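# Examination of the molecular architecture
These are the residues of each chain, in order.
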Amino acid sequence: MDFSKLTSFMNRIWDDEIIPVLTDYIRIPNKSLAFDSDWEKHGYMEQAVGMFTAWAKDKLKHFPRSSLEVVRLKGRTPLIFIEIPGTASGTVLMYGHLDKQPEMAGWAEGTGPWLPVLKDDKLYGRGGADDGYAMFASLAALQGLHEQNIAHARTIILIEAGEESGSPDLPFYIDHLGARIGTPDLVVCLDSGAGNYDQLWLTTSLRGMVSGNLTVRVLTEGVHSGAASGIVPSSFRILRRLLSRVEDEVTGRMTLPELFVEIPSDRQKQAKETAAILGDEVWSGIPFAGGTQPMAEEGAELILEKTWRPQLAVTGMDGYPLPANGGNVLLPFSVAKLSLRLPPTLDAEKSRAAMKQALETNPPYHAEVTFDGSDAFNGWNAPALAPWLEGSLNRASLAAFGKPVAFHGEGGSIPFMAMLGEKFPNTQFVVAGVLGPHSNAHGPNEFLHIPFAKKLSACIAAILADHAVTAG
């Protein structure tokens, strides 16, 4: 492979074709079904699917006997299924998603979730980096090989529309399409992150998650605080006490033994190596307010806290008016949406049961307490790298960036990876992505780092070429 030609091709296709279509895609408010229950009626998801398939069909003209189908199971979000015959043996499965997180407040002046802005080689707007670019980068990688007549394996590209809601529909599609997918020997997922923009980063683990609403109800209706406070316990105070059963509010460490696993020695070693590469960048890319400090001083420890230890976040509240509308009323209930990130190898269902028991048993003042734990899915710990893949990753990173590949765990979740890991235990995985420092997926000012995305696309092409040689 002539890597300089590949680089020139990636620059050209990204500048001329991918950036324009991603710019249009950002304008579509195709929020995931968890955030838009009327997604089908609104039609935004269908608009995004149409945009993606039109672009892909044009590229598939370069690949004889290739096919594209929008698969639709009744009552479920659509899935784009692309099959490209191989010129070498083996099967590669490439994955991405086109649904988006909701808007969030706090976007910088002149930007917004549905307002694409190209500035300083960054494309701002919701969904460009998470994960709209994945299908385009995947097809660009394959076309880059085609331009140089380089062989590749049969390739399946799956683009789902429910990842940001925990991929509730994907297992049904995987079962439905199982015979057509076959058994991949390599999976490429482009929905992850990067420690910096200076080298290729391979994700080695993803956390699982349990989320749901913790509800505390003390009254059937609001009562004047002058008449009831001191008699009726505050639902917020009870909520606070219940959370202290599972989390130490001083240190932020979880306290339930059922939520911990023994961290593998190789992952501890990688955390130290990553910390040495990144230095203060382990935490400096986070927009801390005022004098807020990270929860630990040592970089490797922060990485392990983010990737291998359980952590709790309250991501939403109900039962409260805005401060401007808060009268002297003792509120009848408090609801906190809990997001519990789990170690990669922990059983999510057992964790959900442990949380439910801890939060609901013997509530203070016999208040009415429920934890619905509506979502629970396992994390993923990557299998050991095959020698060919380890070598390929390093060569690709050196060719694209001039630096070796780096390895890190991610604190987020991709339910599809756990699903595939269980279904295909002998498969090799390349989990990577463009979500580097300050890219702020799910939050305001999300951006796609375009130079990095171009180099990542080239790296994927080089890995696919190496896979074809190995598989052949």
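Just above, that's the structure.
Residues numbered from 1 in each chain as written. Predicted model: local features only at pLDDT ≥ 70, side-chain atom pairs only at ≥ 80, totals over all residues. Heavy atoms only, no water.

This part is about the overall build of the chain. Helix and strand counts for the chain stand at 15 helices and 19 strands. Taking 23 Å as the expected radius of gyration for a compact globule of 472 residues, we find that the chain reaches 23 Å, a close match to that expectation. Seen along its three principal axes, the alpha-carbon backbone of the chain occupies a region of about 80 × 50 × 45 Å. Per-residue burial for the chain yields a buried fraction of 55% across its 472 residues. The long-range fraction of contacts in the chain, counting pairs at least 24 apart against all pairs at least 6 apart in sequence, stands at 81%. Only carbon and sulfur atoms are counted for the fraction: they give 51% of the accessible area of the chain, which is about 20,400 Å². Of note, the chain has its 40 positive side-chain charges centred 2 Å away from the centre of its 54 negative side-chain charges. (Helix = DSSP H or I, 4+ residues; strand = E, 2+ residues; numbered from the N terminus. Rg over C-alpha atoms; globule rule 2.2 N^0.38 Å. Buried < 20%, exposed > 50% of the residue type's maximum accessible area, 1.4 Å probe, protein only. Contact = heavy atoms within 4.5 Å. Areas by Shrake-Rupley, 256 points an atom, 1.4 Å probe, with all protein chains shown as cover. Lys, Arg positive; Asp, Glu negative; His and termini not counted. Charge placed at Lys NZ, Arg CZ, Asp CG, Glu CD.)

In this section: helix H12 (residues 348-360). Over its 13 residues, H12 runs 18 Å from end to end, which matches the ideal 18 Å to within 8%, given 1.5 Å per residue. Regarding H12, the residues found buried are Ala348, Ser351, Ala354, Met355, Ala358 and Leu359. Angular distribution of buried residues about the axis of H12 spans 120 degrees; they occupy a single face of the element. Structural note: H12 exposes Lys350 and Gln357 on the side pointing more than 90 degrees away from its buried face. The inward-facing, buried residues of H12 abut strand S9 (208-217), helix H8 (235-244), strand S13 (333-342), strand S14 (368-371) and strand S15 (375-377). Where H12 begins, one side-chain oxygen reaches toward the backbone nitrogen of Glu349, 2.9 Å away; that side chain belongs to Asp347. Following H12 by one or two positions, Asn362 adopts a phi angle in the positive range, close to 45 degrees. (Expected span 1.5 Å × (residues − 1). Arc of directions from axis to C-beta. Polar contact = N/O pair within 3.5 Å; in protein donor to acceptor, adjacent residues only side chain to side chain.)

So, about helix H11 (residues 299-307). Within H11, seven of the nine residues are buried, which leaves it mostly tucked inside the rest of the structure. When we look at burial in H11, the residues that qualify are Gly299, Ala300, Leu302, Ile303, Leu304, Glu305 and Thr307. Contact partners of the buried residues in H11: helix H9 (265-278), helix H10 (281-284), strand S11 (311-318) and strand S17 (406-410). Capping the start of H11, Glu298 holds a side-chain oxygen 3.2 Å from the backbone nitrogen of Ala300, two or three residues further along.

Grouped together as the largest cluster of nonpolar side chains are 93 residues, with contacts concentrated most on Trp14, Ile82, Leu98, Met135, Ile460 and Leu464. Leaving out residues up to four positions away in the same chain, Ile82 has contacts with Ala56, Leu60, Ser67, Leu68, Met135, Leu139, Thr155, Ile156 and Ile157. Counting 26 residues, the second-largest nonpolar core is a separate cluster that includes Val71, Ile181, Phe416 and Leu420. (Core = buried A, V, L, I, M, F, W, Y, C linked by side-chain atoms within 4.5 Å.)

As a further point, take the packing of helix H4 (residues 128-147) against helix H15 (residues 450-471). With their axes 8 Å apart at the nearest point, H4 and H15 run at an angle of 50 degrees to one another. Considered as vectors, H4 and H15 are oriented oblique to each other. The handedness of the crossing between H4 and H15 comes out as right-handed. Every residue of H15 that contacts H4 at Tyr133, Ala137, Ala141, Leu142 and Leu145 is listed here: Leu456, Ser457, Ile460, Ala461, Leu464 and Ala465. A class-by-class count of the residues in the contact of H4 with H15 yields ten nonpolar, one polar and no charged. (Axes fitted to C-alpha atoms, helices over the stretch in contact; angles between N-to-C directions. Parallel < 35°, antiparallel > 145°, perpendicular 65-115°, else oblique. Left-handed = near helix turned anticlockwise from the far one by under 90°. Nonpolar A, V, L, I, M, F, W, Y, C, P; charged D, E, K, R; others polar.)

Residues Val369 and Phe371 line the buried face of S14, whereas the alternating positions Glu368 and Thr370 sit on a face that is not buried. As judged from the four bridges shared by S9 and S14, these two strands associate in the antiparallel manner. Note that in S14 the partner of Val216 across the bridge is Val369. (Pairing = 2+ DSSP bridges.)

For the rest of this paragraph, the subject is the environment of Lys74. Summarising the element assignment, Lys74 is placed in the loop between strand S1 (67-71) and strand S2 (79-84). Overall, Lys74 belongs to the exposed group, its relative accessible area being 85%. Between the C-alpha atoms of Lys74 and Leu33, which are 41 residues apart in sequence, the distance is 15 Å.

A separate point is the sheet that holds S2. Taken in spatial order, the six strands line up as S1-S2-S6-S3-S7-S18 in an open sheet, and their pairing is mixed. Only two strands of the sheet have a single partner each, and these edge strands are S1 and strand S18 (428-431). The sheet shows a mean angle of 15 degrees between the axes of neighbouring strands, taken without regard to direction. Pairing between strand S3 (residues 88-97) and strand S7 (residues 186-189): four bridges, direction parallel. Across the sheet, residue Leu93 finds its bridge partner in S7, namely Val187.

A word on the pairing of S2. Most of S2 sits inside the fold, with five of its six residues counted as buried. Where S1 and S2 come together, five bridges link them in antiparallel fashion. Note on S2: the bridge partner recorded for Leu68 is Ile82. Taken together, the five bridges between S2 and strand S6 (residues 153-160) define a ladder with antiparallel strand orientation. Looking at the pairing, Ile80 lines up with Ile159 of S6.

The strands that make up a sheet pair up through hydrogen bonds in the backbone, lying either parallel or antiparallel. If you trace the three strands from one edge of the open sheet to the other, you get S16-S8-S17, paired in mixed fashion. With partners counted over all chains shown, the strands left at the sheet margins are strand S16 (380-381) and S17, one partner each.

Moving on to the layout of surface pockets. Here the idea is plain: a probe the size of a water molecule rolls over the atoms and shows the empty space left. For the second largest pocket, the calculated volume is near 280 Å³. Every residue lining the second largest pocket is counted, 17 residues in all, and those nearest its centre are Thr204, Arg267, Gln270, Leu385 and Phe407. Only strand S8 (201-206), H9 and S18 provide two or more residues apiece to the lining of the second largest pocket. Looking at the lining of the second largest pocket, the element that brings in the most residues is H9, giving five residues. Taken together, the residues that form the lining of the second largest pocket break down as eight nonpolar, four polar and five charged. (1 Å grid on protein atoms, 1.4 Å probe; cavity = no way out; pocket = protein on both sides within 12 Å on 5 of 7 lines; lining within 4 Å. Points joined across faces, edges and corners; volume = space filled by probe spheres on them.)

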